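Now for the letters of each chain:
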Amino acid sequence: SKTFIAPAIIEKYLGTPSVLIPFAVMEVHYMLNAGFMQRGQLLDNVQCMADHKHRVSIVHGRCDYVCQPQAAWRLTKTLKQAGCPEEDVELEFVSGAGHSDSEPGLADAMVRATDKFRGVLK
């Protein structure tokens, strides 16, 4: 879901079966399998992430109605309660962004978040 819908993009994807059908099949497969996760699985396993000293950066669209923002906030809070250091858990809400990673604000925030990990992986 996007907050700002461009009619030309909708026409491009909805009007192109070779693009639309594989995407729809993948989405349905994902939904039929509950996203390949059990309900609450991330929250139930935050201790594992804390024990392994994972650094976590969550980027979330403020107008995301698919995965609502309070879920990201709750995960952030639970990670910190499990013992993840404050500096290792980041949450950024992106104003004017929904669920789609192709929205400019979300794409920018995700690039900035992954750039921070560059030094960790070297």
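Quick note: structure is the one above.
Requested: an account of the overall build of the chain, with residues and values cited.
Across its full length, the chain carries 6 helices and 2 strands. Overall, the chain shows an N-to-C arrangement of helices and strands of α-α-α-α-β-α-β-α. Oriented by its inertia axes, the alpha-carbon framework of the chain measures out at about 50 × 30 × 30 Å. The buried share of the chain, reckoned over its 122 residues, is 22%. Taken as two groups, the 13 positive and 14 negative side-chain charges of the chain have centres that lie 3 Å from each other.

Outline the pairing of strand S2 (residues 89-94), supporting the account with residue identities and numerical values.
Sheet topology note: the strand S1 (residues 56-61)/S2 ladder contains 6 bridges and is parallel. What sits directly across from His 60, in S2, is Phe 93. Tracing the backbone out of S1, into helix H5 (residues 69-81) and back to the parallel element S2 gives a crossover that is right-handed.

Tell me about the nonpolar core, residues and numbers included.
With 11 residues, the main nonpolar core is built from Val 46, Met 49, Ala 50, Val 56, Ile 58, Ala 72, Leu 75, Leu 79, Ala 82, Cys 84 and Val 89. Among the secondary structure elements, those contributing two or more residues to this core are helix H4 (46-51), S1 and H5. Setting aside anything within four residues of it in sequence, one finds Val 89 in contact with Val 56, Thr 76, Leu 79, Lys 80 and Cys 84.

Pulling in residues and values, what's your account of the pattern of salt bridges?
Pairing between side chains of opposite charge can happen when their charged atoms approach one another. Under the defined criterion, the tally for this structure stands at 6 salt bridges. Across the pair Lys 80 and Glu 86 runs a salt bridge, and its minimum N-O distance is 2.9 Å. Linking Lys 116 and Glu 90 is a salt bridge whose minimum nitrogen-to-oxygen distance equals 3.0 Å. Pair noted here: Lys 116 is in helix H6 (residues 104-121) and Glu 90 is in strand S2, with a separation of 26 residues, a long-range link. Accessibility expressed as a relative area gives 52% for Lys 116, which makes it exposed. When its relative accessible area of 31% is taken as the criterion, Glu 90 is described as partly exposed.

Reading the values: rules and limits
Residues numbered from 1 in each chain as written. Predicted model: local features only at pLDDT ≥ 70, side-chain atom pairs only at ≥ 80, totals over all residues. Heavy atoms only, no water. Helix = DSSP H or I, 4+ residues; strand = E, 2+ residues; numbered from the N terminus. Buried < 20%, exposed > 50% of the residue type's maximum accessible area, 1.4 Å probe, protein only. Lys, Arg positive; Asp, Glu negative; His and termini not counted. Charge placed at Lys NZ, Arg CZ, Asp CG, Glu CD. Pairing = 2+ DSSP bridges. Right-handed = clockwise from strand over helix to strand, strands pointing away. Core = buried A, V, L, I, M, F, W, Y, C linked by side-chain atoms within 4.5 Å. Contact = heavy atoms within 4.5 Å. Salt bridge = Lys/Arg side-chain N within 4 Å of Asp/Glu carboxyl O.

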